[in-house]
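What follows is the residue order along each chain.
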Amino acid sequence: MKTLVIASGNAGKLREFNQLLAPLGIDVRPQAEFNVPEAEEPHITFVENALAKARHASRITGQPALADDSGICVDALGGAPGVFSARFAGEPRSDARNNEKLLADMQGQTNRAAHYYCVLVLVRHADDPQPIIAEGAWHGEILSEPRGEGGFGYDPLVLDPSQGKTVAELPHDIKNRISHRGKAMAALLEKLKLYPL
Ligand SMILES: O=P(O)(O)OP(=O)(O)OP(=O)(O)OC[C@H]1O[C@@H](n2cnc3c(O)ncnc32)[C@H](O)[C@@H]1O
Ligand SMILES: [Mg+2]
């Protein structure tokens, strides 16, 4: 069984990576198991932040590492919160306060279009010159009040019009199939066939 360190401290992401990868026989280990501290995310692009997180975890653990940098990009807010999604309402980070801020910023907006975006970066070792990079997006609309109990982060506010449900109302297997992260993972697994772990 191949071991893969997940370079994330987000419990919601870790749960989804487990659901996506454990059935494939990949032994998914959160970086916390190896006492990897949180990495800096100083960059203005998702891909640079994901690469920084993957390298950081791989350097400390000596294992291959997979990082995810993701966020919600809202058209009427010029793409915000984007790469700053985790800390939209400042420190300490809180999904509840981030969601309140998003609702406040969207008050009176008629254009509710938004998309989730995810970049995954896998490095075999910290100095891997050929990181595997894959991305996925998921388009939806920002509601004016939360619905649903599942998922994490902004999920109660994001409606998938084709499902008629918020992401927090979708069963996790459906979210994993159609989400930004699920699509990025499918693309990553295709690339991994060419360059196995
Ligand atoms: O960096 P790590 O440790 O992985 O954890 P994080 O929560 O800080 O992750 P990011 O820096 O990638 O920030 C992504 C934020 O975007 C939001 N987000 C990303 N994917 C999401 C999803 O599937 N559902 C809901 N919110 C999501 C959520 O608020 C995350 O905190
Ligand atoms: Mg982060």
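Residues numbered from 1 in each chain as written. Chains lettered and ligands numbered in written order. Predicted model: local features only at pLDDT ≥ 70, side-chain atom pairs only at ≥ 80, totals over all residues.

## Topic: the overall build of the protein chain
Thinking step 1. When its secondary structure is counted, the protein chain shows five helices and seven strands.
Thinking step 2. In sequence order, the protein chain lays out its α and β elements as β-α-β-α-β-α-β-β-β-β-α-α.
Thinking step 3. Expressed as lengths along the three principal axes of its C-alpha atoms, the size of the protein chain is roughly 50 × 30 × 25 Å.
Thinking step 4. Every one of the 197 residues in the protein chain was classed for burial, and the buried ones make up 36%. (Helix = DSSP H or I, 4+ residues; strand = E, 2+ residues; numbered from the N terminus. Buried ≥ 20, exposed ≤ 12 C-beta atoms within 10 Å, placed from the backbone.)

## Notes on helix α5 (residues 180-194)
Thinking step 1. The first and last C-alpha atoms of α5 sit 22 Å apart over 15 residues, in line with the 21 Å expected at 1.5 Å per residue.
Thinking step 2. When we look at burial in α5, the residues that qualify are H180, R181, G182, K183, A184, M185 and L188.
Thinking step 3. Of the surrounding secondary structure, the elements contacted by the buried residues of α5 are α1 (11-21), β3 (65-74), β4 (113-123), β5 (132-142) and α4 (172-178). (Expected span 1.5 Å × (residues − 1). Contact = placed C-beta atoms within 7 Å.)

## Re the sheet that holds β5
Thinking step 1. Taken in spatial order, the seven strands line up as β2-β1-β3-β4-β5-β6-β7 in an open sheet, and their pairing is mixed. The open sheet has two free edges, formed respectively by β2 (26-30) and β7 (165-166), since each of these has just one partner strand.
Thinking step 2. Across 10 bridges, the pairing between β4 and β5 is antiparallel. By the bridge assignment, A114 is partnered in β5 with G140.
Thinking step 3. Those strands touched by helix α2 (residues 46-61) are β1 (2-6), β3, β4 and β5, and its axis lies near 155° from that of β3. (Pairing = 2+ DSSP bridges. Axes fitted to C-alpha atoms, helices over the stretch in contact; angles between N-to-C directions.)

## Quick look at the site of ligand 1
Thinking step 1. Neighbouring ligand 1 are 22 residues; S8, N10, S85, A86 and G153 lie closest to it.
Thinking step 2. Across the shell around ligand 1, the residue classes tally to five nonpolar, 10 polar and seven charged. (Near = placed C-beta within 6 Å. Nonpolar A, V, L, I, M, F, W, Y, C, P; charged D, E, K, R; others polar.)

## Regarding the pairing of β2
Thinking step 1. Relative to β2, β1 is paired through five bridges, and the arrangement is parallel. In the strand pairing of β2, I6 is matched with P30.
Thinking step 2. Assessed by its sense of winding, the connection that carries the chain from β1 through α1 to β2 is right-handed. (Right-handed = clockwise from strand over helix to strand, strands pointing away.)

## Concerning unusual backbone geometry
Thinking step 1. Residue A80 is joined to P81 through a cis peptide bond whose omega torsion reads -5°.
Thinking step 2. With an omega of -10°, the peptide bond between E91 and P92 qualifies as cis.
Thinking step 3. Take P92: it is sitting in the loop between β3 and α3 (95-105).
Thinking step 4. Its identity as a non-glycine residue notwithstanding, N35 has a phi of 55°, on the positive side.
Thinking step 5. Among the structural elements, N35 can be located in the loop between β2 and α2.
Thinking step 6. A residue is classified by how many C-beta atoms lie within 10 Å of it, and N35, with 8 of them, is exposed.

## As for the UniProt feature "binding site: Mg(2+)" (unreviewed entry) in the protein chain
Thinking step 1. According to UniProt, the positions carrying the feature "binding site: Mg(2+)" (unreviewed entry) are E40 and D69. For the residues just named, distributed over 30 residues, the greatest C-alpha separation is only 12.0 Å, placing them together at one site.
Thinking step 2. Take E40: it is sitting in the loop between β2 and α2.
Thinking step 3. Its place among the elements puts D69 in strand β3.
Thinking step 4. Overall, the presence of 27 C-beta atoms within 10 Å leaves D69 in the buried class. (UniProt positions renumbered as here; feature names shortened; annotations may be inferred.)

## Let's talk about the environment of G140
Thinking step 1. Position of G140 relative to the elements: it lies in strand β5.
Thinking step 2. Expressed as a C-alpha distance, the spacing of G140 and A114, which sit 26 residues apart in the sequence, is 5.4 Å.
Thinking step 3. Residues contacting G140, with those up to four places away along its chain left out, are A114, H115, V158, L159, D160 and P161.

## A look at the nonpolar core
Thinking step 1. One finds A7, A54, L120, V121 and V158 to be the most contacted residues of the largest nonpolar core, which totals 42 residues.
Thinking step 2. In terms of residue count, β4 provides more of this core than any other element does, nine residues in total.
Thinking step 3. Not counting residues up to four positions away in its chain, the partners in contact with V158 are I72, A114, Y116, G140, I142, T166 and V167. (Core = buried A, V, L, I, M, F, W, Y, C linked by C-beta atoms within 7 Å.)

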